[in-house]
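Analysis of the macromolecular model
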Amino acid sequence: MKALKERIMRDGKCFEGGILKVDSFINHQMDPILMKSMAVEFVRRFASTKINKVMTIEASGIAPAIMVGYLLELPVVFAKKKKPSTMENMLTTTVYSFTKDRTYDVCVSKDYLCPGDRVLFIDDFLANGNAAKGIIDLVRKAGAELVGMGFLIEKSFQHGGDYLREQGIHVESLAIIESLDNCQIKIKE
Ligand code: 5GP
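Residues numbered from 1 in each chain as written. Predicted model: local features only at pLDDT ≥ 70, side-chain atom pairs only at ≥ 80, totals over all residues. Heavy atoms only, no water.

To continue, consider the site of the ligand. Around the ligand, 16 residues are found, and the nearest of them are L20, A127, G129, A131 and K155. Between the ligand and L20, the relevant distance is 2.7 Å, taken from a nitrogen atom to a main-chain nitrogen or oxygen of the residue. Relative to its unbound accessible area of 500 Å², the ligand is 87% covered by the protein chains. Elements that contribute at least two residues to the shell around the ligand include exactly β2 (19-21), β7 (118-126) and α5 (130-142). Among the elements that make up the shell around the ligand, the one with the highest residue count is β7 (four residues). Residues that form the shell around the ligand fall into these classes: seven nonpolar, six polar and three charged. (Near = heavy atom within 4 Å. Polar contact = N/O pair within 3.5 Å; in protein donor to acceptor, adjacent residues only side chain to side chain. Areas by Shrake-Rupley, 256 points an atom, 1.4 Å probe, with all protein chains shown as cover. Helix = DSSP H or I, 4+ residues; strand = E, 2+ residues; numbered from the N terminus. Nonpolar A, V, L, I, M, F, W, Y, C, P; charged D, E, K, R; others polar.)

Printed below as a string of structure tokens:
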């Protein structure tokens, strides 16, 4: 998506270890106009898919997911990173975070992820695909169906996208970063 690619080239910052910072428009300060355009693009790309629920993982996925849910007029549920003591009926899985180099549990209530749900997952980044694998596990445990995964930014050099596409999942990424070597951002045309 042209507007996102241009914004990454203009405002994205590269860090050691293959990290791209987009704190000025996605991950800290947010640009709602761009966020809306990105959601419109997801709606276009998943137009032929029957969806009844949008899912994401806290925290950075919530903003794009709520925009998509708003446009599709569908509920948005986010997987939580800490199990609330007051929540029963939880489905849980473990995710490894490469940005934080640790594992954490994510959970979702069976009240909001249900058998038969047709789930579109939306997140900010796809890197190694660990968060995505956790979501696949939660959706499977719920007896729901994952019908698509949409990412604002995919870092193809970390190959999470290869894995997901090999599983036959419909993956859409609005900008694909081919390399961050030498702190140079290379985006797929
Ligand atoms: P994965 O689980 O696919 O390895 O990584 C995805 C998660 O890690 C995303 O939800 C995102 O929060 C975080 N992440 C991975 N790579 C980056 C990056 O380059 N920049 C930022 N800001 N977050 C990232």
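The next thing to look at is a nonpolar patch on the surface. Judged by side-chain polarity, V40, Y70 and L71 come together as a nonpolar surface patch covering roughly 310 Å² of accessible area. Among the residues examined, L71 registers a relative accessible area of 34% and is labelled partly exposed. (Patch = residues over 30% accessible without salt bridge, like charges linked within 9 Å, V, L, I, M, F, W, Y side chains within 5 Å. Salt bridge = Lys/Arg side-chain N within 4 Å of Asp/Glu carboxyl O. Buried < 20%, exposed > 50% of the residue type's maximum accessible area, 1.4 Å probe, protein only.)

Within the element layout of this structure, A3 appears in helix α1 (residues 2-11). Note on A3: relative accessible area 39%, which makes it partly exposed.

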